[in-house]
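The primary structure of each chain is shown beneath.
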Amino acid sequence: MLNKILVAFGLKPSQYTVQPFGSGLINYTLKVSGNGQDYILQRINVNVFKAPDQIAGNLTLLQSYFNSTYPDYNFVAPLPSLTGDYLVKTDKGEYYRLFPFVKGSRTVDFISDNKEAFEAARQFGKFTCMLKDFDANQLKYTLTDFHNLKLRFDQFKTACQNAREENLMEAAQEVKEVYNHYTILQQYNQLITNNQVPVRVIHHDTKINNILFDDKQNGLCVIDLDTVMPGYFFSDVGDMMRTYLSPVNEEEQDFSKIQIREDIFMAVCKGYMADMGKILTETEKQYFIFSGKLMIYMQAIRFLTDFLNNDIYYETKYPGHNLVRAKNQFDLLNKYLNSEKQFELLFAKAQGNSL
Ligand code: GN1
Ligand code: MG
């Protein structure tokens, strides 16, 4: 089956080895190695991305914009198949696409130091900044309402209504936590309904492993562009706060290891603001720190909702996995809130400076 796909992309299967690659929760990713040029082959999760053609359409638009405006930027776009399509559909209705593997690049799953955080944040900021004159509304919403907190909250309420009694009992403390932090939802609603923040081209998945680094720890470009669509700056900033500040991620079961690293916070501020500092509005700057609360809270709600729904969205490895992830994110949220005052000082200090 994989052989057929390689052939469709014009690759001779006998010349390549294919191995699982990376650590994403949604798409299935393989590295295709051999013959001087390596590739990334990816099966799109069509339960999540219901219209894979829209992703391909968005990437084509962006690619031509980058080619004409920033020809030196390494925009990692899918390669056409022999028939000129960016998606190859199998008999089973699965969609595959192929990317070039950028020579000399590497990805990391955990931030090792400030420089890495700075570089990643700089790349995500640079990406949105380079697209400031590109009309974001040309892009399709590949996931409608992806970071709509109000909708996530409503989905959570529905899940509570439909959940099994035992799931509800097990998650009683976390359900309470959702309501403890209700002000985050109120602030979000206010921000959105008053149209206070501009729509920009946003990546929407700013985990560290969506950055390519060179061997000197310099950021090269952003990857994993499926969720690049119109959105708000707080999605990218907030998800960096959520995934960079703590030395351990959402999989960690020992919550004493969840910590807030203020030096990493500083590096994220400086990195993101390196380019975006020039175009962010005053309101966006005001809500910079709020972004972290918003995205950690949203992720906690999403994991909890999936637990209540009997794990229909995120891949799980053990019973109660999504509940552990939700607890982990609430622990992170509470620690983030404890550092808020300090963040304000650091954010003020970070603006305008480089690392
Ligand atoms: C998913 O595929 P991955 O692991 O990069 C999810 C993100 C969540 C993340 C939580 C399309 O991202 O929104 O923040 O898991 N992507 C989608 O780990 O739902
Ligand atoms: Mg990813």
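Residues numbered from 1 in each chain as written. Chains lettered and ligands numbered in written order. Predicted model: local features only at pLDDT ≥ 70, side-chain atom pairs only at ≥ 80, totals over all residues.

- An unreviewed UniProt entry lists the protein under the name Phosphotransferase enzyme family protein, from Mucilaginibacter mallensis.

**Focus: the overall build of the protein**
So, step 1. A count of helical and extended segments in the protein gives 13 helices and nine strands.
So, step 2. Referenced to the eigenvectors of the C-alpha coordinate spread, the extents of the protein come out at roughly 55 × 50 × 35 Å.
So, step 3. The buried share of the protein, reckoned over its 355 residues, is 40%. (Helix = DSSP H or I, 4+ residues; strand = E, 2+ residues; numbered from the N terminus. Buried ≥ 20, exposed ≤ 12 C-beta atoms within 10 Å, placed from the backbone.)

**Side note on the domain arrangement of the protein**
So, step 1. The assigned domain composition of the protein is domain 1 (1-101) and domain 2 (114-351).
So, step 2. Centre-to-centre separation of domain 1 and domain 2, based on C-alpha positions: 26 Å.
So, step 3. Between domain 1 and domain 2, the contact holds 16 residues from the first and 17 residues from the second. (Domains from an automatic or database assignment. Contact = placed C-beta atoms within 7 Å.)

**Description of the UniProt feature "domain: Aminoglycoside phosphotransferase" (unreviewed entry) in the protein**
So, step 1. Here the UniProt feature "domain: Aminoglycoside phosphotransferase" (unreviewed entry) sits at residues 17-243.
So, step 2. With 38% helix and 16% strand, residues 17-243 has end C-alpha atoms that lie 32 Å from one another. (UniProt positions renumbered as here; feature names shortened; annotations may be inferred.)

**Things to note about the site of ligand 1**
So, step 1. Around ligand 1, the surrounding shell consists of G24, L25, I26, V48, D205, K207, T227, E250 and Q299.
So, step 2. A breakdown of the residues in the shell around ligand 1 according to their chemical character gives three nonpolar, three polar and three charged.
So, step 3. Residues lining the shell around ligand 1 come from more than one domain, with at least three contributed by each of domain 1 (1-101) and domain 2 (114-351). (Near = placed C-beta within 6 Å. Nonpolar A, V, L, I, M, F, W, Y, C, P; charged D, E, K, R; others polar.)

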